[in-house]
Amino acid sequence: MIKIFKNLHRRTKITFAVCWTAVILILSASAVLYIGAGGIFDYYAAVDLSESLLALCRPASVIAFLASLGCEYAAKQKNNT
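All of the points below concern the structure found in this document.

Calculation notes
- Residues numbered from 1 in each chain as written.
- Predicted model: local features only at pLDDT ≥ 70, side-chain atom pairs only at ≥ 80, totals over all residues.
- Heavy atoms only, no water.
- Axes fitted to C-alpha atoms, helices over the stretch in contact; angles between N-to-C directions.
- Helix = DSSP H or I, 4+ residues; strand = E, 2+ residues; numbered from the N terminus.
- Parallel < 35°, antiparallel > 145°, perpendicular 65-115°, else oblique.
- Nonpolar A, V, L, I, M, F, W, Y, C, P; charged D, E, K, R; others polar.
- Phe/Tyr/Trp six-rings, centres within 6.5 Å; stacked < 30°, edge-to-face > 60°.
- Core = buried A, V, L, I, M, F, W, Y, C linked by side-chain atoms within 4.5 Å.
- Buried < 20%, exposed > 50% of the residue type's maximum accessible area, 1.4 Å probe, protein only.

1. Observations regarding the packing of helix α2 (residues 10-36) against helix α3 (residues 43-80)
The interhelical angle for the contact between α2 and α3, taken along N-to-C directions, is 170°, at an axis separation of 8 Å. As summarised for this structure, α2 and α3 are arranged roughly antiparallel, according to the angle between their axes. A class-by-class count of the residues in the contact of α2 with α3 yields 20 nonpolar, 6 polar and 2 charged.

Dropping the structure here:
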């Protein structure tokens, strides 16, 4: 896996890191809201927001995957021409 990541272009690595960091932040915020519901935050509002963030996590990860794949494909096509 490390060899594959080293062979990626710089723009793809940046896109990969930024997108997956955003996905991890969304997932972490969802977990914090769910765990803190009732104790720290208002229960119903926190659970509702947590579920919304969790539902957003899957499309965000698909977008992150497609953005990374698209950047790498464009870089390979640019090098081939």
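Following the structure, the description resumes.
2. Examining the environment of I63
Locating I63 in the fold gives a position in helix α3. In the structure, I63 is positioned 49 residues away from I14 in sequence and 14 Å away in space, judged by C-alpha atoms.

3. Observations concerning the packing of aromatic side chains
Enumeration according to the criterion identifies 2 aromatic pairs in this entry. Seen from their ring centres, F16 and W20 are 6.2 Å apart, and the 55° between their planes marks the pair as tilted. One end of the pair, F16, and the other, W20, are both in helix α2, 4 residues apart, so they sit about a helical turn from each other. Both rings, one in Y43 and one in Y44, keep their centres 5.2 Å apart while their planes meet at 85°; by these two values the pair is edge-to-face.

4. Re the nonpolar core
Membership of the largest hydrophobic core is limited to 10 residues, which are V23, I26, L33, A37, A46, V47, L53, C57, A60 and A64. Counting residues per element, the ones that place at least two in this core are α2 and α3. It is α3 that contributes the most residues to this core, 6 residues altogether.

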